[in-house]
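Fold and geometry: a report
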Amino acid sequence: MKRKGRLLLVFSTIAILVILFSQCMDTSKNMKATETSIAGAKTCVQCHKDISNSYLNDVHYAASSPVENNNQIKLGTDYVYEYDKNLKVAIEKRDSGTYQVVYFNGKEDLAKRFDIAIGAGKNAYTYASWRGNILRQLPLSFFNQINGWANSPGLRTSSPDFGRIIDSRCLECHSSFIESNKANNGSLIVSHEMLKSSLVYGIDCERCHGPAGKHVEFHLKNPDEKEAKFMVLYKTLTRKQRVDACGICHSGNDAELLKSTFSFKPGEDIKQYYAHVSSAQESQLDVHGQQNQMLEASKCFTKSNSLECSTCHSPHDQNKGSLTLYSKKCISCHATIKHTQKTLENAMVKTNCIDCHMPLKPSKAISFQQAGMSDVSPYMLRSHRIAIY
Ligand code: HEC
Ligand code: HEC
Ligand code: HEC
Ligand code: HEC
Ligand code: HEC
Ligand code: HEC
Ligand code: HEC
């Protein structure tokens, strides 16, 4: 009897725990549903046609994509990368897709398919392959700078390395959503499993504008309303808030996360997401991924209260990439400049401020190994610390 009672107690405790736990999970699910109320990028086009169409050419849109028709595999699939004369990785097209295939002493050893491309390919593409619910990087990446393949940054260079896990962290900056088991709230569960089918490729409208479910619902019901409702208005945000809306992805990726950045909304402070954001003064700043801190370290930023990312960039700008256009932004604040005679003799001085004041610099975090070379190749990006170099 006593034993039965104890068993009953144990069972009922378990039952209560199970109920509590499942409710816990349920509420978190519900919270997600109401908190995010995502409409999806496809709904925006009905009312924002031009912006939606031009956005298809923006790198954010293509920051990750499925490798389906080999658009992201630019150079012939007959390429072979030699680690040494007995160990090679070939890129081969097969019936079920394109693969990176390891050959050891001429015999096939391992083959993994290109499933996902990460990056829009502006400077580089890196690729990943699903194994069950785990995504792993492929050993070879493509670099435009050399118009060719090289060993993926950060991977072992002596032999092909298929081990590196691409977790949700990569995808928090390169996609719009993926469901993962990864603990991001201090809990002890450590898992890199992700729900493949939940991946929303690319960075969509609502990552920068916040969940727009209510906005869409309202404007569908009220087609005559010309003022944006239920939408964060960038023009009403402070400079700090506007810069943070980019900084959630442009302040570096080594900082410890407090929670998933998928839930970030414009207007929020990135300090609610990052345990530590390296400041503009810290010397370790890198041209890769830390555009925010580099810019904040410039006199143009500290001595003006208007300079921000969107002074020079907008994902909705059709005119991208011309150094002359960027230089016009400089001149809008610097109408008269005290250049010495020697500087004035340089032909660029009127039309290209960028190459002197925002020079290309090698990243400290990324470099890549080309086959048969003893030194690594630098990965060049713009320095966002605008200064006299
Ligand atoms: C049924 C029509 C409709 C749909 C669908 C819609 N919007 Fe809007 N949106 C409007 C109207 C109307 C305005 C106000 C006029 C304007 O700025 O174009 C607006 C304005 C905006 C603004 C500008 C706010 C500002 O700074 O002035 C943003 C940003 C925006 N919408 C984002 C979105 C996104 C993202 C989606 C898709 C998830 C979306 N909208 C879907 C009707 C719509
Ligand atoms: C969700 C993360 C995320 C947010 C938010 C974000 N970016 Fe980006 N941004 C990226 C990633 C990832 C890339 C690299 C895309 C690629 O080439 O694969 C990128 C690339 C860029 C580029 C390079 C464009 C080019 O043509 O080379 C610019 C400029 C840029 N972002 C500006 C901004 C600005 C300005 C904001 C804020 C209004 C912003 N980003 C917000 C993730 C983000
Ligand atoms: C904190 C945000 C962030 C994280 C996390 C992140 N990236 Fe990026 N990534 C960027 C930004 C911003 C750029 C573009 C500019 C630059 O290099 O600074 C970029 C550029 C790239 C590019 C070059 C894209 C192009 O069009 O040239 C590749 C490839 C890439 N990232 C792969 C990865 C992989 C793989 C991971 C995970 C191991 C990762 N990134 C994690 C923000 C991020
Ligand atoms: C990388 C971040 C980013 C992404 C992605 C993005 N936007 Fe924007 N959008 C901005 C910023 C920043 C502004 C404000 C620009 C400014 O103030 O100069 C803006 C402005 C707007 C405006 C108002 C400006 C105008 O000219 O009417 C609309 C509408 C808009 N976005 C809709 C969209 C839609 C629709 C998508 C997806 C197809 C989208 N945005 C994707 C950052 C983004
Ligand atoms: C929003 C206005 C604004 C824009 C846009 C701007 N700057 Fe500046 N810049 C300033 C201010 C303000 C200062 C500080 C002047 C002072 O100290 O008297 C400054 C300082 C500088 C300096 C001196 C830096 C030093 O360390 O002494 C250089 C060089 C410079 N800017 C170049 C540029 C270039 C090149 C661009 C375009 C890529 C640019 N600026 C865009 C406002 C701006
Ligand atoms: C004064 C103008 C200016 C401002 C402000 C500015 N950028 Fe840039 N940015 C540039 C120029 C110029 C380039 C190089 C474009 C090119 O080479 O085609 C660039 C390139 C980039 C790239 C591509 C990486 C690379 O090195 O080519 C990213 C990402 C980027 N900017 C993000 C940002 C973010 C985020 C902010 C705000 C923190 C910002 N930028 C503020 C002028 C600016
Ligand atoms: C050939 C390289 C070069 C080019 C191109 C160039 N600068 Fe400079 N800039 C310098 C140097 C070097 C200095 C330091 C003074 C000197 O030696 O002339 C300087 C100084 C400055 C200063 C600080 C002096 C002051 O007037 O406060 C500003 C601002 C500036 N440049 C802005 C620009 C702008 C804007 C452009 C484009 C219209 C530009 N520069 C083009 C090299 C260049």
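Described below are features of the structure shown in this document. (Residues numbered from 1 in each chain as written. Chains lettered and ligands numbered in written order. Predicted model: local features only at pLDDT ≥ 70, side-chain atom pairs only at ≥ 80, totals over all residues. Heavy atoms only, no water.)

Turning next to the coordination of the iron atom of ligand 3. Among protein residues, the single donor to the iron atom of ligand 3 is H174 (NE2), with a metal-donor distance of 2.1 Å. Along the polypeptide, H174 turns up in helix α4 (residues 168–174). (Donors = N, O, S within 2.8 Å, 3.2 Å for Na, K, Ca; no water. Helix = DSSP H or I, 4+ residues; strand = E, 2+ residues; numbered from the N terminus.)

With that out of the way, let us pick up the pairing of strand β2 (residues 80–84). Pairing geometry for β2 and strand β3 (residues 87–94), over four bridges, is antiparallel. Residue pairing for β3: E82 is matched across the bridge by K88. Where β2 folds back on β3, the antiparallel hairpin that results is connected by two residues. (Pairing = 2+ DSSP bridges.)

Neighbouring ligand 2 are 18 residues; H60, A120, C246, C249 and H250 lie closest to it. Contacts to ligand 2 include H250, whose side-chain N or O atom sits 2.9 Å from a nitrogen atom. Elements with a contribution of two residues or more to the shell around ligand 2: α4, α5 (205–209) and α7 (239–250). Here the shell around ligand 2 is composed, by residue class, of eleven nonpolar, five polar and two charged. (Near = heavy atom within 4 Å. Polar contact = N/O pair within 3.5 Å; in protein donor to acceptor, adjacent residues only side chain to side chain. Nonpolar A, V, L, I, M, F, W, Y, C, P; charged D, E, K, R; others polar.)

The next subject is the site of ligand 6. Near ligand 6, the surroundings consist of 17 residues, among which C309, C312, H313, R382 and H384 are the closest. The side chain of H313 places a nitrogen or oxygen atom 2.8 Å from a nitrogen atom of ligand 6. Between ligand 6 and H384, the relevant distance is 2.8 Å, taken from a nitrogen atom to a side-chain nitrogen or oxygen of the residue. Counting only elements with at least two residues in the shell around ligand 6, the list comes to α8 (291–296), α10 (309–312) and β14 (377–382).

Each angle at a metal carrying four tetrahedral donors should ideally be 109.5 degrees, and each at a metal carrying six octahedral donors should ideally be 90 or 180 degrees. At 2.0 Å from the iron atom of ligand 7 lie its protein donor atoms, namely H339 (NE2) and H357 (NE2). Classification of the site at the iron atom of ligand 7 as octahedral follows from its six donor atoms and the range of 87 to 179° in their angles at the metal. Residue H339 is found in the loop between α11 (323–333) and α12 (341–344), and its partner H357 is found in helix α13 (residues 354–357); the two are separated by 18 residues along the sequence. A residue is classified by how much of its surface remains accessible, and H339, at 25% relative accessible area, is partly exposed. Taking relative accessible area as the criterion, H357 reaches 26% and is therefore assigned partly exposed. (Tetrahedral: all angles 85-135°; square planar, octahedral: opposite > 155°, others 65-115°. Buried < 20%, exposed > 50% of the residue type's maximum accessible area, 1.4 Å probe, protein only.)

V67, I73, Y83, F114, Y127, L140 and W149 are the most contacted members of the largest nonpolar core, which totals 17 residues. If one sorts the elements of this core by residue count, β3 sits on top with three residues. One finds W130, L135, L199 and F262 within the second-largest nonpolar core, a separate group that totals eleven residues. (Core = buried A, V, L, I, M, F, W, Y, C linked by side-chain atoms within 4.5 Å.)

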